[in-house]
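# What the coordinates show
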Amino acid sequence: MRIDHKLQQIQNQIYQACTRVNRSISDVHIVAVTKSVSIERTEEALQAGLNHLGENRPEGLLTKQAVITTAARWHYIGSLQTRKVKQVINSISVLHSLDRLSLADEIQKRADHTIDCFVQVNVSREEAKHGIELKDVQSFIESLNEHDRIRVIGLMTMAPHTANDEVIRSLFKSLKDMQLKIASNNYPYAPCTELSMGMSNDFEIAIEEGATYVRIGTALVGDESEDVI
Ligand SMILES: *Cc1c(COP(=O)(O)O)cnc(C)c1O
């Protein structure tokens, strides 16, 4: 299906979710997760007006950037191996997966400017998920105060696929509470005003609970299967 049609549908859902909780749609940014689709499909997303793109592999990111000339903001959304930092860190606008001090140290060493980062939080504490546990978020962020190449713009989480809506909602609420707590410290290196949460299956709940960036792949650009039709 054409991306511009899917986008209209999703924008409508975003509008409805915002309306339910008295939020402005201009506070919600869509990151089109293009990690599983071709260069052509990624270009179609840009043509539809989506200029925040999400990738989760260095190879995918760099291959696309090498040929796509349209201006875009590239978001790195997957777990990032320390040894791959130097390949990607100066090619992205936002990192959504800052989850350990060794990664922060490597970014500090390799970045040629300040990188906007989300600290990834493992709110559910289920599975072998990446992310800092809620109870450790404050101290982790404080440990970044001398990393002048990192600006913590917000917190990010992924809800478990298996969870029901009320469980997902309570996880998102917990992340929002933590975001407000960090923001209230007024740390210059961690304004923490943003919340990256919500994917194809749960973005409406995420918006109702305060998401400012939703990361949508399957429902918007599709997955590998879109490339054959
Ligand atoms: C793949 C991925 C998404 C998008 O997931 P969909 O369910 O396809 O919308 C969002 N965030 C992260 C971190 C991902 O890896």
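What you see is a predicted model; the values in this text were computed from it and never measured.

Across its full length, the protein chain carries 8 helices and 8 strands. The C-alpha atoms of the protein chain give 17 Å as radius of gyration, which agrees with the globular expectation for 229 residues (17 Å, within 12%). On the principal axes, the C-alpha backbone points of the protein chain span a range of 50 × 40 × 30 Å. Partitioning the intrachain contacts of the protein chain with sequence separation of at least 6 by distance along the chain shows that 56% fall at a separation of at least 24. Accessible area for the protein chain stands at about 10,800 Å²; split by element, carbon and sulfur atoms hold 46% of it. Of the side-chain charges in the protein chain, 25 are positive and 31 negative, and the distance between the mean point of each set is 3 Å.

So, about the nonpolar core. Counting residues in hydrophobic clusters, the biggest one holds 65 residues, and the most contacted among them are Leu 98, Ile 107, Val 119, Ile 141, Leu 155 and Leu 220. Discounting residues that sit within four places of it in the chain, Leu 155 has contacts with Phe 118, Val 119, Val 121, Val 137, Ile 141, Leu 175, Met 178, Gln 179, Cys 192, Glu 194, Leu 195 and Ser 196. Grouped together as the second largest cluster of nonpolar side chains are 6 residues, Val 31, Val 94, Phe 118 and Tyr 213 included.

What follows concerns the packing of aromatic side chains. Considering all chains together, one arrives at 2 aromatic pairs under this definition. Their ring planes at 75° and their centres at 5.7 Å tell us that Phe 118 and Tyr 213 sit as a pair that is edge-to-face. With Phe 118 in strand β5 (residues 115-120) and Tyr 213 in strand β8 (residues 213-216), the pair connects residues that are 95 residues apart, well separated along the chain. Taking the relative accessible area as the measure of exposure, Phe 118 reaches 0% and is therefore buried. An angle of 10° between the planes, with centres 5.2 Å apart, marks the rings of Tyr 187 and Tyr 189 as stacked. Both residues of the pair, Tyr 187 and Tyr 189, count as buried.

The subject of this paragraph is the site of the ligand. In the neighbourhood of the ligand, the contacting residues comprise Val 33, Lys 35, Ile 77, Met 156, Met 158, Met 199, Ser 200, Arg 215, Ile 216, Gly 217 and Thr 218. Contact distances for the ligand include 2.8 Å between an oxygen atom and a backbone N or O atom of Gly 217. Alone, the ligand offers 390 Å² of accessible surface; in the complex the protein occludes 88% of this. A majority-of-atoms criterion places the ligand in the largest pocket. Of the residues that constitute the shell around the ligand, the class distribution is 6 nonpolar, 3 polar and 2 charged.

Our focus in this paragraph is the pairing of strand β1 (residues 29-33). Every regular strand shows the same layout, with side chains that alternate between the two sheet faces. Most of β1 is tucked away: 4 of the 5 residues are buried. Relative to β8, β1 runs parallel, the two sharing 4 bridges. Paired with Ala 32 across the bridge in β8 is Ile 216. Looking at chain direction, β1 and strand β2 (residues 52-55) are connected through 2 bridges and run parallel. Looking at the pairing, Ala 32 lines up with Leu 53 of β2. Assessed by its sense of winding, the connection that carries the chain from β1 through helix α2 (residues 39-47) to β2 is right-handed.

This part covers the UniProt feature "modified residue: N6-(pyridoxal phosphate)lysine" (unreviewed entry) in the protein chain. Those residues carrying the UniProt feature "modified residue: N6-(pyridoxal phosphate)lysine" (unreviewed entry) are Lys 35 in this numbering. Mapped onto the secondary structure, Lys 35 falls in the loop between β1 and α2. Sequence-distant contacts of Lys 35, that is, excluding residues within four places in its chain, are made with Gly 54, Glu 55, Asn 56 and Lys 64.

Reading guide: rules and limits
Residues numbered from 1 in each chain as written. Predicted model: local features only at pLDDT ≥ 70, side-chain atom pairs only at ≥ 80, totals over all residues. Heavy atoms only, no water. Helix = DSSP H or I, 4+ residues; strand = E, 2+ residues; numbered from the N terminus. Rg over C-alpha atoms; globule rule 2.2 N^0.38 Å. Contact = heavy atoms within 4.5 Å. Areas by Shrake-Rupley, 256 points an atom, 1.4 Å probe, with all protein chains shown as cover. Lys, Arg positive; Asp, Glu negative; His and termini not counted. Charge placed at Lys NZ, Arg CZ, Asp CG, Glu CD. Core = buried A, V, L, I, M, F, W, Y, C linked by side-chain atoms within 4.5 Å. Buried < 20%, exposed > 50% of the residue type's maximum accessible area, 1.4 Å probe, protein only. Phe/Tyr/Trp six-rings, centres within 6.5 Å; stacked < 30°, edge-to-face > 60°. Near = heavy atom within 4 Å. Polar contact = N/O pair within 3.5 Å; in protein donor to acceptor, adjacent residues only side chain to side chain. 1 Å grid on protein atoms, 1.4 Å probe; cavity = no way out; pocket = protein on both sides within 12 Å on 5 of 7 lines; lining within 4 Å. Sits in = over half its atoms within 2 Å of the grid points. Nonpolar A, V, L, I, M, F, W, Y, C, P; charged D, E, K, R; others polar. Pairing = 2+ DSSP bridges. Right-handed = clockwise from strand over helix to strand, strands pointing away. UniProt positions renumbered as here; feature names shortened; annotations may be inferred.

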